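What the coordinates show
If you want the building blocks of each chain, they are given just below.
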Amino acid sequence: LDADFPLRYVPLDVTVQVPLRRAHLERLRTADELGAALAALVDVWAVLLHERSRGRIPDDVVAYLHDPLTVAAAAGDDFVTVERRPVTVAEHDGVPRTFVDPVAGREADVVTGVDADAFVEHWLSVVTATGA
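Report on the accompanying structure. (Residues numbered from 1 in each chain as written. Predicted model: local features only at pLDDT ≥ 70, side-chain atom pairs only at ≥ 80, totals over all residues. Heavy atoms only, no water.)

Quick notes on the nonpolar core
Counting residues in each nonpolar core, the largest one holds 24 residues, and the members touching the most others are Val 18, Leu 20, Leu 28, Leu 69 and Trp 123. In terms of residues, this core owes the most to one element, helix α5 (residues 116–127), which gives six residues. Once residues lying within four places of it in the same chain are set aside, the contact partners of Leu 28 are Leu 20, Gly 35, Ala 36, Leu 38, Ala 39, Trp 123, Leu 124, Val 127 and Thr 128. Counting five residues, the second-largest nonpolar core is a separate cluster that includes Tyr 9, Val 87, Ala 108 and Val 110. (Core = buried A, V, L, I, M, F, W, Y, C linked by side-chain atoms within 4.5 Å. Buried < 20%, exposed > 50% of the residue type's maximum accessible area, 1.4 Å probe, protein only. Helix = DSSP H or I, 4+ residues; strand = E, 2+ residues; numbered from the N terminus. Contact = heavy atoms within 4.5 Å.)

Dropping the structure here:
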């Protein structure tokens, strides 16, 4: 948030709304070599994700599409809601959170919402080369 250029900020609060679920893995696994490789990597990651979360993440969630959503939001507004807000980041109960702070916050275009289902479908169609 200290960068000297206009910001589009995609907070963790939003990216955790975009889970990749076990049902999505079958689409990846059967798509092509890239899909199969991604599914294999997710299989490994899902074990670690659930161990580290200590039961806080639903069993059918195998990953979160943090980076893909951020890239998509940088490219446009197709799946996100964006608002201009003065924001700052602080830790709350051990978790980084984004806060609107009119005094200490930095003006940024903040992604405040996402059509998660539509985005996941779009991402899967791009990665599996099935359209969209």
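Back to the write-up after that little detour.
Points about the packing of helix α2 (residues 22–31) against α5
The relative placement of two packed helices is expressed as an angle between their axes plus a distance between the axes. Close contact between α2 and α5 brings their axes to 10 Å; oriented N to C, the two are set at 15°. The angle between the axes of α2 and α5 places the two elements in the roughly parallel class. For the pair α2 and α5, the sense of crossing is right-handed. Across the interface between the two elements, His 24, Arg 27 and Leu 28 of α2 pack against Val 120, Glu 121, Trp 123, Leu 124, Ser 125 and Val 127 of α5. Taken together, the residues that form the contact of α2 with α5 break down as five nonpolar, two polar and two charged. (Axes fitted to C-alpha atoms, helices over the stretch in contact; angles between N-to-C directions. Parallel < 35°, antiparallel > 145°, perpendicular 65-115°, else oblique. Left-handed = near helix turned anticlockwise from the far one by under 90°. Nonpolar A, V, L, I, M, F, W, Y, C, P; charged D, E, K, R; others polar.)

Observations regarding the sheet that holds strand β1 (residues 8–9)
Read across the sheet, four strands follow the order β1-β6-β4-β5 without closing on themselves; strand pairing throughout is mixed. Lying at the two open borders of the sheet, with one neighbouring strand each, are β1 and β5 (95–100). In the sheet, β1 pairs with strand β6 (residues 106–114) via two bridges, with the strands oriented parallel. Each bridged residue has a counterpart across the sheet, and for Arg 8 the counterpart in β6 is Asp 109. (Pairing = 2+ DSSP bridges.)

Observations concerning α2
In an α-helix, one turn spans 3.6 residues, which is why side chains three or four residues apart end up on the same side. For α2, the set of buried residues is His 24, Leu 25 and Leu 28. What you see down the axis of α2 is that its buried residues fit within an arc of 105°, all on one side. Opposite the buried face of α2, at more than 90 degrees from it, the exposed residues are Ala 23 and Thr 30. As for α2, its buried residues are in contact with β2 (19–21), α3 (33–53), β3 (61–64) and α5. (Arc of directions from axis to C-beta.)

Details of the layout of surface pockets
Considering only enclosed or pocket space, the largest pocket measures out at about 560 Å³ in volume. As for the largest pocket, its lining consists of 15 residues, of which Leu 12, Val 16, Arg 56, Ile 57 and Tyr 64 are closest to the centre. A total of four residues in the lining of the largest pocket trace back to one element, the largest contributor, which is α3. Residue classes in the lining of the largest pocket are distributed as nine nonpolar, three polar and three charged. For the second largest pocket, the lining is made up of 15 residues, of which Pro 68, Ala 72, Phe 79, Phe 119 and His 122 are closest to its centre. Residue composition of the lining of the second largest pocket, grouped by class: 11 nonpolar, two polar and two charged. (1 Å grid on protein atoms, 1.4 Å probe; cavity = no way out; pocket = protein on both sides within 12 Å on 5 of 7 lines; lining within 4 Å. Points joined across faces, edges and corners; volume = space filled by probe spheres on them.)

Read these as spatial facts, not as claims about activity.
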